[in-house]
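As a plain string of letters, each chain reads:
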Amino acid sequence: MKKFPTSSEFAAQANTNPEKYAQLYQQSIESDESNEAFWAKRAELVDWIKKPTKIKNINYDLDNFKIKWFEDGELNVSVNCLDRHLVDNPYKPAIIWEGDHPSLHKIISFKELHSEVCRLGNAMRKMGVGKGDRVVLYLPMVPEAVVSMLACARIGAVHTVVFGGFSAESLASRIVDSQAKLVITADEGVRGGRYSPLKTNVDRALDVDGTECIEKVIVVHRTGNSVPMSGRRDVWYHTVIDNSNEDCPPETMNAEDPLFLLYTSGSTGKPKGVVHTTGGYLTYALSTFRDVFDVKEDDVFWCTADVGWITGHSYVTYAPLANGTTTIVFEGVPQYPTWARIGQIIDKHDVSILYTAPTAIRAMMKEGDAYVRESNRESLRLLGTVGEPINPEAWDWYHNVVGEGRCPIVDTWWQTETGGILMAPLPNSVDMKPGAAMNPLYGIKPVIVDSDGVELEDAAAGNLIIKDGWPGQMRTIYGDHKRFLETYYTTYPGSYFTGDGAMRDEDGHLWITGRVDDVLNVSGHRIGTAEIESALVSHPAAAETAIVGMPHELKGQGICAYIILRNGEEDSERLRGELNRHVRAEIGPIANLDAIYIVDALPKTRSGKIMRRILRKLAAGEFDGLGDTSTLAEASVVDDLIKTVKSA
Ligand code: PRX
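Thresholds, definitions, all that
Residues numbered from 1 in each chain as written. Predicted model: local features only at pLDDT ≥ 70, side-chain atom pairs only at ≥ 80, totals over all residues. Heavy atoms only, no water. Phe/Tyr/Trp six-rings, centres within 6.5 Å; stacked < 30°, edge-to-face > 60°. Helix = DSSP H or I, 4+ residues; strand = E, 2+ residues; numbered from the N terminus. Buried < 20%, exposed > 50% of the residue type's maximum accessible area, 1.4 Å probe, protein only. Pairing = 2+ DSSP bridges. Contact = heavy atoms within 4.5 Å. Axes fitted to C-alpha atoms, helices over the stretch in contact; angles between N-to-C directions. UniProt positions renumbered as here; feature names shortened; annotations may be inferred.

**Section: the packing of aromatic side chains**
Applying the stated criterion to the full structure yields 35 aromatic pairs. Centre to centre, the rings of Phe65 and Phe484 are 5.8 Å apart; their planes meet at 90°, and the pair counts as edge-to-face. With Phe65 in the loop between β1 (56-59) and β2 (66-69) and Phe484 in helix α16 (residues 481-488), the pair connects residues that are 419 residues apart, well separated along the chain. Phe484 matches Phe65 in its accessibility class, with the two residues each being buried. With a centroid separation of 6.4 Å and an interplanar angle of 5°, the aromatic rings of Phe260 and Tyr318 are classed as stacked. With Phe260 in strand β14 (residues 258-264) and Tyr318 in helix α11 (residues 310-323), this pair connects stretches of sequence that are 58 residues apart.

Structure representation (structure tokens):
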């Protein structure tokens, strides 16, 4: 197994080393007392209105379940991200915004950002939005997205960001579930030179039953193309900002008050609203940011994730800004105008830390080294990946070509539910192994178990659970606490079940082996098979369907659909195209069907359960070793399926 030591150049300036990591990690998990003491110390990174005296209060007993961190503490997150930097660093860039087109960029200081957040906070207050009210943000990657998040935090409103690539239908279902009062959107989004009709999607979403809760829509003027504005409901962002003053007293929030909801896919049903709270989330996002990214005062940090995902919440917005670090907000895509764009942005803004997804790395790698070599990337010091396993070839390329061999790579494993990174090779703490998340962060106790919950020591593979808790952990599913307990705390009582598999190698290092449930990871985006299936069968031609993941060179995992048509429907290219378009319209373009097999029957057990294991193997082109098929109701189904897949 290849191992990569940290370059001497990096090691010379690193915040930690193997001994320090081992010592602090051990101390952070040794006993209940030392664990609490560790988190109490970490909470000192935050400016509290009232310092917490109680640190941790966790009980995973289902009868008396609670998760509370810093429960008597009071704070305001926007003050931590803005006001506290105004004393020493008012004119430091808080946001460097790089537009879709390379001719557009904007630098916003902490002082300017503070002023705009306060104005928007006041405008929202005037509209009757206050503590605890939900606000849906459906925005492109523009500075106003970060402003809106922080303005909600300032007045105690709970934001729920909906990725701008999601459809009107997906937006509507999130509005209905969260019962929000306000939507903040833009006339249109722009990515890779293509325009997306955000405001039109909002209008369509607000025609759906159950969305009457929305009283106002604030619209950011991004492209200037004309969009319908409806009378008293819709207002322009710039008008409300211009008419507001910048004296906006921050709401005092309890540490356990919710900061945001973020919808994410599960193995069953509709996406669930993951609830994160104020004090614990901020402490965790901020402290992991410092540990994982070896952060220094003058770093320019670029996380390429959209704020529609948890990575964008924690590592575009909250952690960098709370730490006073300049954060890049990029509106575009790596291939526009050419594949040289990522390198150009690094040079243009002196980016020192780049944090991106393996999908983007694979796509860039495929285009050849020449594009990247158009830039010199001298400012780069550290690289990171997130969202999906990285294959060794992509890791090597990222390390050698993008990072010129001198930048360590932090492969960070975490989830929407965890609020921040739980595992990564902290820079200069260990020799890196391509594809491994390696080690737990301080205070985190990962355990590998078998399906009966027996802990597997030494080198072993099984399901990944986390014992105990950490401040950034989710508190509930919005409006469905029962589903929360069932999903995460009943499979392995007393521990958090991640839904991932993991492997521990001979050196004790951890490797994530992927989801063990029916959740797919397409280009680092999480999507439930059940969601796609229900979108598909809402098309009149589809009678029954099974969705499974399949290996995909660029996306990591692609979506494979087995579809039984309704009587009288004929298979054709046109129909397949239509089914795909239907799913993309229902969910969003990320739900693209990469393979469609029209079949007569699905492999089911006698009790009617679809044997997805077989479908996954066939989708991967594995026709032998299909495992035990003796429980199938009709064995011939598999032969027919093999024929269909082979002839496609
Ligand atoms: O399967 C794991 C995978 O992404 C899932 C979480 O997805 P989401 O909630 O959308 O959050 C993504 C960004 C934090 C996990 O259950 N995953 C995430 N990071 C890695 C990963 N798989 C392997 N290696 C990673 N570094």
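Additional details are given in the paragraphs that follow.
**Let's talk about the sheet that holds strand β15 (residues 272-277)**
Spatially, β12-β11-β8-β6-β7-β14-β15-β23 is the arrangement adopted by the 8 strands of the open sheet, whose pairing is mixed. Unpaired on one side and paired on the other, β12 (234-236) and β23 (476-477) mark the two borders of the sheet. Where strand β11 (residues 216-220) and β12 come together, 3 bridges link them in parallel fashion. The partner of Val217 across the bridge, within β12, is Asp234. In the packing of helix α8 (residues 198-205) onto the sheet, the strands contacted are β6 (134-138), β8 (182-186), β11 and β12, and the crossing angle to β8 comes to about 150°.

**Examining the UniProt feature "binding site: Mg(2+)" (unreviewed entry) in the protein chain**
In the numbering used here, UniProt assigns the "binding site: Mg(2+)" (unreviewed entry) feature to Val537 and His539. Inspection of the secondary structure puts Val537 in helix α17 (residues 529-537). Non-local contacts of Val537, meaning those with residues more than four positions away in its chain, are made with Ala542, Ala543, Glu544 and Thr545. Here His539 shows up in the loop between α17 and β28 (542-552). A residue is classified by how much of its surface remains accessible, and His539, at 7% relative accessible area, is buried. Residues contacting His539, with those up to four places away along its chain left out, are Leu575, Glu578, Leu579 and His582.

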